[in-house]
Amino acid sequence: MIGKDEVLHVARLARLHLTPEEVEAMSGELSGVLEHVERIAELDLSEVSPTAHVAQITGALRDDEPRPSLPLATALADAPAVSDDGFLVPSPQA
Amino acid sequence: MSIGDLSAAAAAEAVRAGELDAGELFAHYRDRAAGEEASAECSLNCFAWLGDSAPEAQPAEPWETGGGGDASYEPGAAPLAGVPLAVKDLFCTRGVPSQSGSQILAGYRPPYSATAVRRLWDAGATLLGKTNQDEFAMGSSTENCAFGPVLNPWDRTRVPGGSSGGSAAAVAAGLAPWALGTDTGGSIRQPAALCGIVGLKPTYGAVSRYGMIAFASSLDQAGPLTRDVRDAALMLRHMAGRDPLDATCTGTREEVRLPSAEDLAGVRLGVPADIEGAGVEAGVLAEFERSLALAAELGAEVRTGVTLPHAAHALSAYYVIAPAEASSNLARYDGVRYGIRAGGEDAERDLVAMYTATRRDGFGAEVKRRIMLGTYVLSAGYYDAYYGQAQRVRTMIVEDFRRAFEEVDFIVSPTSAEVAFGLGAKTADPWSMYLNDYFTVPMSLAGIPAISIPCGLAGEGEGLPVGLQIAGPAFSENRLLEVAHALELALGFDGARARVA
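Residues numbered from 1 in each chain as written. Chains lettered and ligands numbered in written order. Predicted model: local features only at pLDDT ≥ 70, side-chain atom pairs only at ≥ 80, totals over all residues.

1. Regarding the overall build of chain B
Part 1 of the argument: Summing up its helical and strand segments, chain B has 15 helices and eleven strands in all.
Part 2 of the argument: In terms of overall dimensions, chain B is globule-like: its C-alpha atoms have a radius of gyration of 21 Å, near the 23 Å expected for 501 residues.
Part 3 of the argument: Seen through its principal axes, chain B has C-alpha atoms that stretch 70 × 60 × 45 Å.
Part 4 of the argument: Counting across all 501 residues of chain B, residues that qualify as buried make up 63%.
Part 5 of the argument: Looking at chain B alone, contacts between residues at least 24 apart form 77% of all its contacts between residues at least 6 apart. (Helix = DSSP H or I, 4+ residues; strand = E, 2+ residues; numbered from the N terminus. Rg over C-alpha atoms; globule rule 2.2 N^0.38 Å. Buried ≥ 20, exposed ≤ 12 C-beta atoms within 10 Å, placed from the backbone. Contact = placed C-beta atoms within 7 Å.)

2. A few points about the overall build of chain A
Part 1 of the argument: When helices and strands are tallied, chain A shows three helices and two strands.
Part 2 of the argument: Relative to a compact globule of 94 residues, whose C-alpha radius of gyration would be 12 Å, chain A shows 22 Å and is clearly more extended.
Part 3 of the argument: For chain A, the C-alpha atoms occupy an extent of roughly 50 × 45 × 25 Å along the three principal directions.
Part 4 of the argument: For chain A, the residues scored as buried account for 17% of the 94 residues in total.

3. Regarding the interface of chain B and chain A
Part 1 of the argument: Each partner contributes residues to the interface: chain B has 57 residues there, and chain A has 45 residues.
Part 2 of the argument: Elements with a contribution of two residues or more to the side of chain B that touches chain A: α8 (314-329), α9 (345-349), α10 (351-362), α11 (365-378), α12 (383-407) and α13 (430-434) of chain B.
Part 3 of the argument: For the side of chain B that touches chain A, the element with the most residues is α12 of chain B, which contributes eleven residues.
Part 4 of the argument: For the side of chain B that touches chain A, the class distribution of residues is 29 nonpolar, 17 polar and eleven charged. (Nonpolar A, V, L, I, M, F, W, Y, C, P; charged D, E, K, R; others polar.)

4. Observations concerning the pairing of strand β11 (residues 464-471) of chain B
Residue and element names in this part refer to chain B.
Part 1 of the argument: Burial runs high along β11: eight of the eight residues are buried.
Part 2 of the argument: Inspection of the sheet shows strand β9 (residues 410-414) paired to β11 by four bridges, in the antiparallel sense. Across the sheet, residue Ile411 finds its bridge partner in β11, namely Ala471.
Part 3 of the argument: Where strand β10 (residues 450-458) lies against β11, eight bridges are found, and the strand directions are antiparallel. Paired with Ile453 across the two strands is Leu468, which belongs to β11.
Part 4 of the argument: Taking the residues that link successive antiparallel strands as the turn, the β10-β11 hairpin has five residues, and the phi of Gly459 there is positive, at about 100 degrees. (Pairing = 2+ DSSP bridges.)

5. Overview of helix α7 (residues 282-297) of chain B
Residues and elements named next belong to chain B.
Part 1 of the argument: The terminal C-alpha atoms of α7, which comprises 16 residues, lie 23 Å apart, in line with the 22 Å expected from a rise of 1.5 Å per residue.
Part 2 of the argument: By the burial criterion, the buried members of α7 are Val284, Glu287, Phe288, Ser291 and Ala295. Take α7 and look down its axis: the buried residues cluster within an arc of 100 degrees, on one side only. Away from its buried face, by an angle of more than 90 degrees, α7 presents the exposed residues Ala282, Ala293 and Glu297.
Part 3 of the argument: In the core, the buried residues of α7 are packed alongside β7 (268-272), β8 (301-306), β9, β10, β11 and α15 (477-491).
Part 4 of the argument: Just beyond α7, the residue with positive phi is Gly299, at close to 110 degrees. (Expected span 1.5 Å × (residues − 1). Arc of directions from axis to C-beta.)

6. Observations regarding the environment of Asn45 of chain B
Part 1 of the argument: Relative to the helices and strands, Asn45 of chain B resides in the loop between α2 (22-38) and β1 (47-50).
Part 2 of the argument: Spatially, the C-alpha atoms of Asn45 of chain B and Arg359 of chain B are 25 Å apart, while their sequence positions differ by 314 residues.

7. What to know about α15 of chain B
All names here are of chain B.
Part 1 of the argument: Taking 1.5 Å of rise per residue, 15 residues should cover 21 Å, and α15 covers 20 Å from first to last C-alpha, within 8% of that figure.
Part 2 of the argument: On its buried face, α15 is in contact with α6 (229-239), α7, β9, β10 and β11.
Part 3 of the argument: After α15 finishes, the residue Gly492 shows a positive phi value of roughly 60 degrees.

8. A word on the sheet that holds strand β3 (residues 126-131) of chain B
Residues and elements named next belong to chain B.
Part 1 of the argument: Spatial ordering of the open sheet is given by β1-β3-β2-β4-β6-β5-β10-β11-β9-β7-β8, a layout of eleven strands whose pairing is mixed. Looking at which strands have only one partner, the edges of the open sheet turn out to be β1 and β8. Within this sheet the neighbouring strands show an average axis-to-axis angle of 30 degrees, counted without direction.
Part 2 of the argument: Strands in contact with helix α4 (residues 165-172) are β1, β2 (84-88), β3, β4 (178-183), β5 (198-201) and β6 (221-226); relative to β4, the strand with the most contacts, it is inclined by about 155 degrees.
Part 3 of the argument: Sheet strands in contact with α6 are β4, β5, β6 and β10, and its direction is about 145 degrees off that of β6. (Axes fitted to C-alpha atoms, helices over the stretch in contact; angles between N-to-C directions.)

9. Remarks on the nonpolar core
All names here are of chain B.
Part 1 of the argument: Membership of the largest hydrophobic core comes to 176 residues, with the highest contact counts inside it found for Leu85, Ala169, Ala170, Ala176, Val320 and Ile470.
Part 2 of the argument: A per-element tally of this core places α8 first, with ten residues.
Part 3 of the argument: The residues contacting Leu85, other than those within four sequence positions of it, are Leu120, Ala125, Thr126, Leu127, Leu128, Trp178 and Leu180.
Part 4 of the argument: One finds Ala342, Met354, Tyr355 and Ala357 within the second-largest nonpolar core, a separate group that totals five residues. (Core = buried A, V, L, I, M, F, W, Y, C linked by C-beta atoms within 7 Å.)

Right under this line is the structure:
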């Protein structure tokens with residue numbers, strides 16, 4: 001069971017603002033999903049190595065040739081706010 | 001025969017032979033799609049964006065080159081000449097909205113195009129429109145879409161499946177000759193099944209993921225949604241291939257051929273042991289068994305009771321791995337470089353407040369749920385118990401299939417345990433929605449190719465489509481397509497009822 005404090009902790013890690021109603025709902029929904037998911041804990045797989053990826057690829061290197069990159073104006077065109085040829089963000093108050 | 005009755009392959013041939021004008025072909029689908037979108041009461045809502053006219057071929061910008069392909073054809077010789085293509089919203093298409101069904105990317109027009117799309121353009125296909133989907137491809141009903149749910153053309157009170165629901169419904173309704181989708185845990189196969197069309201998830205790595213807005217990178221794979229198996233082969237042939245811009249993309253081992261098999265002599269089909277216990281609807285099971293009997297008549301050897309001992313744990317492993325990868329991939333949506341940014345006093349004063357408010361406003365409920373789930377299973381103290389264990393289950397699933405394919409050539413099952421369900425029927429309980437992926441997720445975790453073909457109708461009244469899933473070893477696409485083609489011919493499924501007037 002994931003309590004409200006834990007939901008708020010995970011939301012902070014995920015940079016998500018949740019309303020009190022969402023915290024309440026999330027606590028129940030996440031607990032419900034984890035109850036199913038936790039069944040894999042019953043399998044003894046201590047000797048099994050994990051699979052992060054199924055593609056059997058080693059040393060996937062391409063030629064080290066310079067390629068054109070996005071022009072600055074194009075890269076900034078969709079930004080919500082720009083300043084001095086860069087992305088403008090609020091101050092990290094910290 | 002009218003334009004709308006032509007398969008994509010037949011339309012391409014007619015254009016190349018000078019028997020059909022590409023502009024007329026585009027106008028036919030554009031008018032049907034626009035007409036359907038404009039129908040006020042209950043539009044199928046397949047499209048997030050529709051082109052006005054057949055777009056001029058776009059030369060690649062300098063920064064778009066180097067992505068492999070770069071095929072060039074003599075004028076008039078392009079193999080997909082002028083055939084309109086519907087593209088799932090999450091493929092980046094330069095200058096055209098690419099929003100992945102999410103408010104957080106509302107209005108986003110990327111400066112480059114996905115390799116899979118560029119390859120199809122290079123082969124002559126034209127962009128008809130962008131199709132609605134579950135937000136960031138998270139869902140099995142296309143109800144989690146910022147631009148409204150998509151309806152099933154067979155019955156507008158029901159869902160088309162998901163997450164490529166707009167692509168599937170558009171093809172089934174005859175609003176597009178074919179469509180591009182993506183499959184992470186079943187998002188091509190399940191909507192294809194629920195809409196009565198063909199959907200192919202290729203082997204992981206056959207098609208470039210470059211320019212696909214990522215959900216779960218070790219699982220995401222692009223593939224075709226089409227009216228028939230030959231069209232699926234034709235699209236795959238022109239989208240697969242190595243891409244230096246996606247290091248996991250190796251292309252197919254051999255060129256994809258157009259299938260022509262009419263029998264299944266010598267083909268060993270394996271039926272997993274646990275199907276009847278998996279909550280399959282009686283009507284779906286009946287159509288599945290009828291398909292097996294037909295396969296046997298065509299000469300296939302049907303072996304029942306094939307064991308995939310860890311398949312029952314695939315869904316649990318998937319719902320750890322996919323959200324974990326999603327929570328990382330979706331960290332990029334922070335209101336800085338593109339997409340929306342939340343306003344308000346706090347968000348304007350403080351960076352973290354801006355991040356959290358932007359993500360609050362931009363993400364829908366299911367996406368928030370998966371980000372939370374993924375962050376939780378990756379967090380300190382839980383990582384090994386959840387994520388590590390899920391990766392070990394994945395190893396066992398890969399091993400299960402390897403063993404099974406020593407005994408049989410292909411595994412067959414229903415694609416979905418049930419026919420299309422009603423809108424809202426599964427939105428209250430996340431796990432009931434996730435169960436839709438039961439038969440499709442094991443192949444995704446193993447990275448192997450699987451196709452869904454329509455095999456009959458089941459359920460009340462006139463019935464709703466049932467999908468048959470056929471899965472093969474990695475890079476067995478050519479053989480898989482031959483088997484699907486022979487079965488498709490024998491099944492003789494007629495999808496005409498779903499084509500809107």
